[in-house]
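Working through the structure, step by step
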Amino acid sequence: MTETADFPEQPTPDGWLTERELAAVRGRLPLVYVDAVPVRVDDSGDVVAVGLLLRVNGAGEMTRALVSGRVLYHERVRDALVRHLEKDLGPMALPQIPAAPQPFTVAEYFPTPGVTPYHDARQHAVALAYVVPVAGDCEPQQDALDLAWLTPEEACSEQVQVEMTGGQGYLLRQAMAHVGRLP
């Protein structure tokens with residue numbers, strides 16, 4: 001019979017939770033997230049394209065997604081936005097975060113479907129949502145398979161909306177309404 005050893009959990013960087021700690025927190029407290037709608041703008045500042053990530057979800061389905069992630073302990077919201085945009089779009093994305101970032105909405109994700117338009121089976125999360133122009137070269141990173149730049153009209157079409165889960169299609173439509181580009 002082979003003996004097995006219990007290995008201690010690997011150390012985590014400051015501000016990060018272990019998987020066990022994160023699971024415990026997710027079950028007891030709402031977490032703060034940022035959602036970012038990456039866009040390309042023309043010379044007058046009008047949104048001309050929206051960047052949507054292609055991912056495979058836990059059920060093996062292909063989905064379209066916005067940039068999203070947790071705000072870490074002792075991390076400014078603007079730093080979380082930059083970190084997640086660079087994590088998903090690459091270090092050369094060059095996000096243009098305003099000096100005083102203001103979310104266009106606050107999205108409340110609940111583990112129970114139907115409470116709000118936003119759903120996350122893992123947790124209760126409160127996400128500050130931003131439209132963020134990116135000026136550099138973008139390449140899908142991490143678990144993103146592709147990055148597609150669509151016109152606002154294409155991104156808000158029914159065909160694309162059904163590929164988005166958890167209410168992100170609704171959030172995208174809110175973003176395009178906020179910048180005056182809802183078809």
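Residues numbered from 1 in each chain as written. Predicted model: local features only at pLDDT ≥ 70, side-chain atom pairs only at ≥ 80, totals over all residues. Heavy atoms only, no water.

**Concerning the overall build of the chain**
Rule in force here: Segments assigned H or I by DSSP are reported as helices when at least four residues long, segments assigned E as strands when at least two residues long, and all are numbered from the N terminus. The globule rule used for comparison is 2.2 Å times the number of residues to the exponent 0.38, while the radius of gyration itself is calculated over C-alpha atoms. Burial here depends on accessible area, computed with a 1.4 Å probe over protein chains only, as a share of the maximum for the residue type. Under 20% is buried, over 50% is exposed, and the range in between is partly exposed. By the convention used here, residues are in contact when the closest approach between their heavy atoms is within 4.5 Å. Reported accessibility uses the Shrake-Rupley method at a 1.4 Å probe radius. Residues are deemed covered only where the shown protein chains occlude them. When charges are counted, Lys and Arg are positive and Asp and Glu negative, with His and the chain ends excluded. Think of each charge as sitting on NZ of Lys, CZ of Arg, CG of Asp or CD of Glu.
The number of helices and strands found in the chain is 5 helices and 7 strands. In terms of overall size, the chain behaves like a compact globule, its C-alpha atoms giving a radius of gyration of 18 Å where 183 residues would be expected to give roughly 16 Å. In terms of overall dimensions, the chain has a C-alpha envelope of 65 × 35 × 30 Å along the principal axes. Here the chain, with 183 residues, has 40% of them falling under the buried criterion. Sequence-distant contacts in the chain: of pairs separated by 6 or more residues, those separated by 24 or more amount to 66%. A total of about 10600 Å² of accessible surface is found on the chain, and carbon and sulfur atoms cover 54% of it. The positive charge centre, built from 14 side chains, and the negative charge centre, built from 25, are 4 Å apart in the chain.

**Side note on the pattern of salt bridges**
Convention followed: We define a salt bridge as a side-chain nitrogen of Lys or Arg found within 4 Å of a carboxyl oxygen belonging to Asp or Glu.
Taken as a whole and assessed by the stated rule, the structure comprises 8 salt bridges. Between Asp88 and Arg55 there is a salt bridge, with the nearest N and O atoms lying 2.8 Å from each other. Here the residue Asp88 occupies a position in helix α2 (residues 77-89), and Arg55 occupies one in strand β2 (residues 47-56), the gap between them amounting to 33 residues. Classification of Asp88 as buried rests on a relative accessible area of 0%. For Arg55, a relative accessible area of 14% corresponds to the buried category. The residue Glu75 makes a salt bridge to Arg83 at a minimum N-O spacing of 2.8 Å. On the basis of relative accessibility, which here comes to 19%, the residue Glu75 falls in the buried class.

**Considerations on the confidence of the model for the chain**
One rule of thumb: low pLDDT means the predicted coordinates there are not for detailed reading. Test applied: The predictor attaches a confidence to each residue, called pLDDT, with possible values from 0 through 100.
Chain-level pLDDT for the chain is 90 on average; 91% of the residues reach the 70-or-more range. In this model, residues 1-5 is a region of pLDDT below 50 whose contacts with residues beyond four sequence positions or in other chains number 0 contacts.

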